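Examining the three-dimensional arrangement
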Amino acid sequence: MASMQKRLQKELMALQSDPPPGMTLNERSVQNTITEWFIDMEGAPGTLYEGEKFQLLFKFSGRYPFDSPQVMFTGENIPVHPHVYSNGHICLSILTEDWSPALSVQSVCLSIISMLSSCKEKRRPPDNSFYVKTCNKNPKKTKWWYHDDTC
């Protein structure tokens, strides 16, 4: 547990001093707990999401960084994207089976920015309705099928 807290403190300081473009840590979210962060995000200039505002929720277990964080979009505006479900769950391999302790909150944020920025058409995943009705609240409990690298 102590190593997890030390790692999160280090990542928190890095995120505050050098956040990825368009990302801002919601400072109030870390006042009471270090294991749950809200990160405000703005769509990158020149993309389909330019000017749109989103919020990401990161939840860390006691096994972080050996266990990936639970990451999902939350709030009023969930991006319409082929790899983002309307409940905020994100189909992104580094959040589950391709996770490595070498990754960080900043690298996850950059991957999400890149995923949204490369999108060519705003649409939900084809199985959105079924998935949202039947999924676990924790997206890490989903057995994702990674088969599409394009949008």
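That block above? That's the structure.
Report follows, based on the coordinates.

About the cut-offs
Residues numbered from 1 in each chain as written. Predicted model: local features only at pLDDT ≥ 70, side-chain atom pairs only at ≥ 80, totals over all residues. Heavy atoms only, no water. Core = buried A, V, L, I, M, F, W, Y, C linked by side-chain atoms within 4.5 Å. Buried < 20%, exposed > 50% of the residue type's maximum accessible area, 1.4 Å probe, protein only. Helix = DSSP H or I, 4+ residues; strand = E, 2+ residues; numbered from the N terminus. Contact = heavy atoms within 4.5 Å. Salt bridge = Lys/Arg side-chain N within 4 Å of Asp/Glu carboxyl O. Polar contact = N/O pair within 3.5 Å; in protein donor to acceptor, adjacent residues only side chain to side chain.

**Some points on the nonpolar core**
Within the largest apolar cluster, 34 residues are counted, with the highest numbers of intra-cluster contacts made by Trp37, Leu56, Phe58 and Phe73. Every element with two or more residues in this core is listed here: helix 1 (2–17), strand 1 (23–25), strand 2 (36–42), strand 3 (53–59), strand 4 (70–74) and helix 2 (105–117). Looking at this core, the element that brings in the most residues is helix 2, giving seven residues. Leaving out residues up to four positions away in the same chain, Leu56 has contacts with Met23, Trp37, Phe38, Ile39, Met41, Val71, Met72, Phe73, Thr74, Ile90 and Ile112.

**Let's talk about the pattern of salt bridges**
The final tally for this structure, using the stated rule, is four salt bridges. The salt bridge partner of Glu11 is Arg7, with a shortest N-O separation of 2.6 Å. Of this pair, Glu11 and Arg7 both sit in helix 1, four residues apart, which is roughly one turn of that helix. Of the two residues, Glu11 and Arg7, both sit in the buried class. With its nearest N and O atoms 2.8 Å apart, the salt bridge here joins Lys53 to Glu42. Highlighted residues: Lys53 in strand 3 and Glu42 in strand 2, separated in sequence by 11 residues.

**Here's the deal with the environment of Lys53**
Overall, the relative accessible area of 54% leaves Lys53 in the exposed class. Each C-alpha atom, one on Lys53 and one on Cys119, is 16 Å from the other, the two residues being 66 residues apart in sequence. Not counting the four nearest positions on each side in its chain, Lys53 is found in contact with Met41, Glu42 and Asn77. A polar contact is formed between the side chain of Lys53 and the side chain of Glu42, at a distance of 2.8 Å.

Coordinates in, geometry out; function isn't part of it.
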